[in-house]
Amino acid sequence: QVQLVESGGGLVQAGGSLRLSCAASGRTIGNYGMGWFRQAPGKEREFVAALSWSGGSTRYADSVKGRFTISRDNAKNTVYLQMNSLNAEDTAVYYCAAAARTRYATDYKGDYAYWGQGTQVTVSS
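In this text, all values refer to a predicted model and were calculated from it rather than measured experimentally. (Residues numbered from 1 in each chain as written. Predicted model: local features only at pLDDT ≥ 70, side-chain atom pairs only at ≥ 80, totals over all residues. Heavy atoms only, no water.)

Re the packing of aromatic side chains
And then number 1: Under the criterion given, the structure shown has five aromatic pairs.
And then number 2: With 5.7 Å between their ring centres and 75° between their planes, Phe-37 and Phe-47 make a pair best called edge-to-face. Taken together, the residues span a long stretch of sequence, with Phe-37 in strand β4 (residues 33–39) and Phe-47 in strand β5 (residues 46–51) at a distance of ten residues. Pair check on accessibility: Phe-37 and Phe-47 agree, each one buried.
And then number 3: An aromatic cluster is present here, built from Phe-37, Phe-47, Tyr-112 and Trp-115 joined pairwise through their rings.
And then number 4: Of note, Arg-45 hangs over the ring of Tyr-95, and the distance from its end group to the ring centre comes to 3.6 Å.
And then number 5: The ring of Trp-115 carries Arg-45 above its face, with NZ or CZ at 5.0 Å from the centroid. (Phe/Tyr/Trp six-rings, centres within 6.5 Å; stacked < 30°, edge-to-face > 60°. Helix = DSSP H or I, 4+ residues; strand = E, 2+ residues; numbered from the N terminus. Buried < 20%, exposed > 50% of the residue type's maximum accessible area, 1.4 Å probe, protein only. Lys NZ or Arg CZ within 6 Å of the ring centre and 35° of its normal.)

Structure below.
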């Protein structure tokens, strides 16, 4: 079992930046693809970004390309999401997830077996 705990969310003004962290425990995530998803009120959970086990391959939703960067530090068993140029549409609960089925960057929710509890990101306009 893998436990994931997100942190770094909060309230930020439009145009600002936040860095989310996802700390894993229980098992090393070094062989897992990792991803970030988000869910806004009244909407379905959607893909944001994903990263392969080595960090060499990434995938992003079109809405965040060029603004968000996913990265990982396998030595710390931690994944990050750097979010720049935030806007009101980025307001959501952000979830970290571990893709136990694959080592690659995947945007398919079904590939992710482990999920964190989420961290709220609110962007004021």
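That covers the picture; the talk isn't over yet.
Brief notes about the side chain of Ser-52
And then number 1: Tracing the chain through its elements places Ser-52 in the loop between β5 and β6 (58–60).
And then number 2: A relative accessible area of 3% means that Ser-52 is categorised as buried.
And then number 3: Separated by 3.3 Å, the side chain of Ser-52 and the backbone nitrogen of Gly-56 make a polar contact.
And then number 4: Aside from chain neighbours lying at most four places away, what touches Ser-52 is Tyr-32, Ser-57, Arg-72, Arg-103, Tyr-104 and Ala-105. (Polar contact = N/O pair within 3.5 Å; in protein donor to acceptor, adjacent residues only side chain to side chain. Contact = heavy atoms within 4.5 Å.)

Description of the side chain of Thr-106
And then number 1: Mapped onto the fold, Thr-106 is located in the loop between β9 (92–99) and β10 (114–115).
And then number 2: There is a polar contact of 3.1 Å between the side chain of Thr-106 and the backbone nitrogen of Tyr-108.
And then number 3: Each residue touching Thr-106, except ones within four places of it in the same chain, is listed here: Phe-47, Ala-50, Ala-99, Asp-111 and Tyr-112.

Some points on the sheet that holds strand β3 (residues 18–25)
Within a beta sheet, neighbouring strands are joined by backbone hydrogen bonds and run either parallel or antiparallel to one another.
And then number 1: The four strands are arranged β1-β3-β8-β7 in an open sheet whose pairing can be described as antiparallel. The sheet is open, and its two edges are formed by β1 (3–7) and β7 (68–73), each paired on a single side. Looking at each pair of strands side by side, their axes are set apart by 15° on average, direction ignored.
And then number 2: Taken together, the six bridges between β7 and strand β8 (residues 78–83) define a ladder with antiparallel strand orientation. Bridging from a neighbouring strand, Ser-71 pairs with Tyr-80 of β8. (Pairing = 2+ DSSP bridges. Axes fitted to C-alpha atoms, helices over the stretch in contact; angles between N-to-C directions.)

What to know about the pairing of β5
And then number 1: Judged by how many residues are buried, β5 sits mostly within the fold: five of six residues are covered.
And then number 2: Here five bridges tie β4 to β5, and the two strands are oriented antiparallel to one another. Among the inter-strand pairings, Gly-35 is bridged to a residue of β5, identified as Ala-50.
And then number 3: Following β4, the chain reverses through six residues before pairing antiparallel with β5; Gly-42 in that reversal takes a positive phi of roughly 75°.
And then number 4: Linking β5 back to β6 in an antiparallel pair, the connection comprises six residues, with Gly-55 at a positive phi of about 85°.

A look at the pairing of β7
Regular strands place their side chains on alternate faces of the sheet.
And then number 1: Only one face of β7 is covered, namely the one carrying Phe-68, Ile-70 and Arg-72; the face carrying Thr-69, Ser-71 and Asp-73 has none of its residues buried.
And then number 2: If you look at the hairpin formed by β7 and β8, you'll find four residues sitting between the two strands, and Asn-77 has a positive phi there, around 55°.

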